Amino acid sequence: MAYKRFQNTFTESKFFLPLAIAVTGGVVGLYGLVGEGWWMQLICLAISTLLLLILNSSNQLLRVVSQATPAMFLLLVAAAVFIFPDLLAEIMTLCFIALLFMLFHCHQRDVSPGWVFYGFFCLGLASMVFVKAIYYVPLLWVLMATCLRAMTAKTFWASVLGLITPYWLAGPFIIYFKGTDIVAAHFSQLVLFQRLGDYSMLGEHEWLAVGWTALLAIIGIVHYANQGYQDKLRTRLLHEMVIVIDIATFIFLALQPQHYTMLLGVAIANTSLLIAHYLTLTHTFLTNISFFIILAVTLAIIAYNTWMPSSNFLSAMAMQACSYLPL
């Protein structure tokens, strides 16, 4: 049995997730959760975290009992707290996690058409807030055939039906209240692209969060390429699916960075699955040091990206409190 270091003890403990919840809760609170009324965003984040927790445990992605996946997801969300106020981005992230949750259940199963339908139904919902999510469809079909071994005529048509069902349900109401022009404008975004690689909209806070998430993704991918053989075949195939989606998301983000609010959440969800595997199942002296470095840098980025908004929030609260003083 491998020697357990602090990183293994901590990631397998019951304290990692509560501490991550406390950190993220404090960050979004300082960022303006109560004052701005971002309760729907908070609900989406909570459901996303719960789905990742269930996804990890039900598929035994880490071989040990660990809450590292939802914990790292929350910490990376806190590091990219600037996307939290965007409700559409939170819905996109939630729908994509739900998509993975559904598709992971259809690996070599005869009843997979139902899971595929629900998974692509979630993708259809995501495309209603970010129509370019449809670009993931061909990639998912390939992954269903290669990683999930679940690509048949039934699952193909189940995916098509699931993708268009949200539009069937919501379409009549949208057309009735908004007219047909909004439908044409929505789907026209599929063929509209801005200049490739235009990073002018990314500031230092965005670069820090995107760059750190990408670096953790690289660490997780390299680790799994070297150590993934220790997992069961099904687990390896699921991780390979996550890796391909993560790489595709970062390529999409690099080419069209103006969509970073929508894509970064998807990248964080996939990266959390990969980096949690690295932090939980490695046990050398160097990886133990890297564990402390990863946590320290993540917390430093969280503090930096939260400092200005939180200081403005605290200043406003102090001024409001002073206004009630009889001076």
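Keep in mind the model is a prediction, meaning the values are calculated, not measured. (Residues numbered from 1 in each chain as written. Predicted model: local features only at pLDDT ≥ 70, side-chain atom pairs only at ≥ 80, totals over all residues. Heavy atoms only, no water.)

With respect to the overall build of the protein chain
Each helix and strand in the protein chain was counted, giving 14 helices and zero strands. Going from the N terminus to the C terminus, the protein chain shows its helices and strands as α-α-α-α-α-α-α-α-α-α-α-α-α-α. Here the protein chain has a C-alpha radius of gyration of 21 Å; the compact-globule value for 327 residues is 20 Å, and the two agree. In terms of its C-alpha atoms, the protein chain occupies a principal-axis envelope of roughly 75 × 65 × 35 Å. Burial status across the protein chain gives 50% buried among its 327 residues. Sequence separation of 24 or more characterises 82% of the internal contacts of the protein chain that already satisfy a separation of 6 or more. Within the structure as shown, the protein chain displays about 15,600 Å² of accessible surface, and the carbon and sulfur contribution to it stands at 72%. In the protein chain, which carries 13 positive and 12 negative side-chain charges, the distance between the mean positions of the two groups comes to 14 Å. (Helix = DSSP H or I, 4+ residues; strand = E, 2+ residues; numbered from the N terminus. Rg over C-alpha atoms; globule rule 2.2 N^0.38 Å. Buried < 20%, exposed > 50% of the residue type's maximum accessible area, 1.4 Å probe, protein only. Contact = heavy atoms within 4.5 Å. Areas by Shrake-Rupley, 256 points an atom, 1.4 Å probe, with all protein chains shown as cover. Lys, Arg positive; Asp, Glu negative; His and termini not counted. Charge placed at Lys NZ, Arg CZ, Asp CG, Glu CD.)

A few points about the packing of aromatic side chains
Following the criterion strictly, the structure yields 20 aromatic pairs and no others. Measuring from ring centre to ring centre gives 5.4 Å for F6 and F292, while their planes differ by 15°; the resulting arrangement is stacked. Here F6 is found in helix α1 (residues 6-11), whereas its partner F292 is found in helix α14 (residues 285-323), with 286 residues between them in sequence. A relative accessible area of 43% means that F292 is categorised as partly exposed. Residues Y176 and F177 carry aromatic rings whose centres are separated by 5.0 Å and whose planes lie at 85° to one another, so their mutual orientation is edge-to-face. Here the two residues Y176 and F177 agree in accessibility, since each one is exposed. Members of the aromatic cluster, joined through ring pairs, are F6, F10, F16, F291 and F292. K132 extends its terminal NZ or CZ atom over the ring of F193, reaching a point 5.4 Å from the ring centre. (Phe/Tyr/Trp six-rings, centres within 6.5 Å; stacked < 30°, edge-to-face > 60°. Lys NZ or Arg CZ within 6 Å of the ring centre and 35° of its normal.)

Quick word on the nonpolar core
Generally speaking, a soluble globular protein has its nonpolar side chains buried in company with each other. The biggest cluster of nonpolar side chains holds 96 residues, and the ones touching the most others in it are M72, F73, L103, L123, L140 and M241. No other element matches helix α13 (residues 260-281), which puts 14 residues into this core. The residues touching F73, leaving out its near neighbours within four places in the chain, are L45, S48, T49, L52, T93, I97, I268, A269 and S272. (Core = buried A, V, L, I, M, F, W, Y, C linked by side-chain atoms within 4.5 Å.)

Focus: the side chain of N56
With respect to the element layout, N56 can be found in helix α4 (residues 39-58). Of note is the side chain of N56, whose polar atom sits 3.3 Å from the backbone oxygen of S66. Residues in contact with N56, not counting those within four places in the same chain, are L61, L62, S66 and T69. (Polar contact = N/O pair within 3.5 Å; in protein donor to acceptor, adjacent residues only side chain to side chain.)

Focus: the pattern of salt bridges
Tallied over the full model, the rule gives three salt bridges. Residue R63 pairs with D231 through a salt bridge whose shortest N-O separation is 2.4 Å. On the criterion of sequence distance, the pair formed by R63 in the loop between α4 and α5 (68-79) and D231 in the loop between α11 (204-227) and α12 (233-255) is long-range, its members being 168 residues apart. On the accessibility criterion, D231 (3% relative accessible area) is buried. Among the salt bridges present, the one from R195 reaches D198, with a minimum N-O distance of 3.7 Å. (Salt bridge = Lys/Arg side-chain N within 4 Å of Asp/Glu carboxyl O.)

Examining the environment of V81
The topology assignment puts V81 in the loop between α5 and α6 (87-103). Residue V81 is classed as buried on the basis of its relative accessible area of 1%. Once the C-alpha coordinates of V81 and I289 are considered, the two residues, 208 residues apart in sequence, prove to be 26 Å apart.

Things to note about helix α9 (residues 153-178)
Helix length check: α9 (26 residues) gives 36 Å between terminal C-alpha atoms against 38 Å at 1.5 Å per residue, within 8%. Most pronounced at A170, the bend in α9 amounts to some 45°, and the proline P172 follows within four residues. Listed in full, the buried residues belonging to α9 are T155, A158, S159, G162, L163, T165, P166, Y167 and G171. Tucked into the core, α9 has its buried residues touching α7 (112-129), α8 (136-146) and α10 (181-188). Residue G179 follows α9 closely and has a positive phi angle near 90°. (Expected span 1.5 Å × (residues − 1). Bend = angle between axes of the 7 residues up to and from the residue.)

Digging into α13
The end-to-end C-alpha distance of α13 is 31 Å, a good match for the 32 Å that 22 residues give at a rise of 1.5 Å each. Of all the bends in α13, the greatest, near 25°, is centred on T271. Among the 22 residues of α13, 22 are classified as buried, and the element is accordingly described as predominantly covered.

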